[in-house]
Amino acid sequence: MFLFMIAFIGVFFVSGSLSQNEQVAQAVQEFGYVGVVIIAVVAGLNLVVPIPAATFTPIFTAAGLAVPFIVIALAVGTLIADFTGYLIGNLSKSLVEKKYPKMQKFFTELKQNRSKLIVPVIFLYAAFAPFPNEALLVPLGLAGIRFSTIIVPLILGNLINQSYLVYFVLTASDYLL
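Residues numbered from 1 in each chain as written. Predicted model: local features only at pLDDT ≥ 70, side-chain atom pairs only at ≥ 80, totals over all residues. Heavy atoms only, no water.

(A) Representation of the confidence of the model for the protein chain. With 85% of its residues at a pLDDT of 70 or more, the protein chain has an overall mean of 84. Highest mean pLDDT in the protein chain belongs to helix α4 (residues 67-91) (95); lowest belongs to helix α1 (residues 2-18) (62). (pLDDT = per-residue confidence, 0-100. Helix = DSSP H or I, 4+ residues; strand = E, 2+ residues; numbered from the N terminus.)

See below:
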């Protein structure tokens, strides 16, 4: 957690200083919201040092991108990363069944015995957990939970998460940068 905080603070200050750079602003304007989605996908897939893509919001706003659309683009990119993590879990199911049958049995029993908790847990985790969603989605893929079951709480949770992260970064950048 300490490493995460150091990395987050470092990226935050770098983002703040880059937001003043005209070349960076021009590049962000050129890529627009598609660039925001790509950054969110890359940030969403980084499990080693997960830095929220919302940390780069000062750069996006300095380039003239609108905050509501930044939030939507970040949520879309995060959802793509989430689906990738889920897909990894789902496609690894047969491998895990062979190599780690007890683990697979645990996930299958969780699906069977606690299925009513899946939707609210996904929503709350995606909205408020400070960890990558893949930590939850890979095991759900292994358990064989259908993606259609988790898509709505994942979208809503990601929108809430990105909204408050963007608000936090913009507020902090007003006071610190």
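So much for the structure itself; the text now carries on.
(B) Quick look at the environment of V76. Assignment of secondary structure puts V76 in helix α4. Sequence separation between V76 and N158 is 82 residues, and the spatial gap between their C-alpha atoms is 8.3 Å.

(C) Here's a closer look at the nonpolar core. Among the nonpolar cores identified, the biggest contains 20 residues, and V28, V36, F60, L65, I70, L74 and V166 are the most heavily contacted of them. Mapped onto this core, the elements with two or more residues apiece are α2 (22-45), α3 (57-62), α4 and α9 (147-176). With seven residues, α2 is the largest single contributor of residues to this core. Each residue touching L74, except ones within four places of it in the same chain, is listed here: V36, A40, A53, A54, T57, F60, Q162 and V166. Counting residues in each nonpolar core, the second largest holds 15 residues, with L79, F147, I150 and L154 among its members. (Core = buried A, V, L, I, M, F, W, Y, C linked by side-chain atoms within 4.5 Å. Buried < 20%, exposed > 50% of the residue type's maximum accessible area, 1.4 Å probe, protein only. Contact = heavy atoms within 4.5 Å.)

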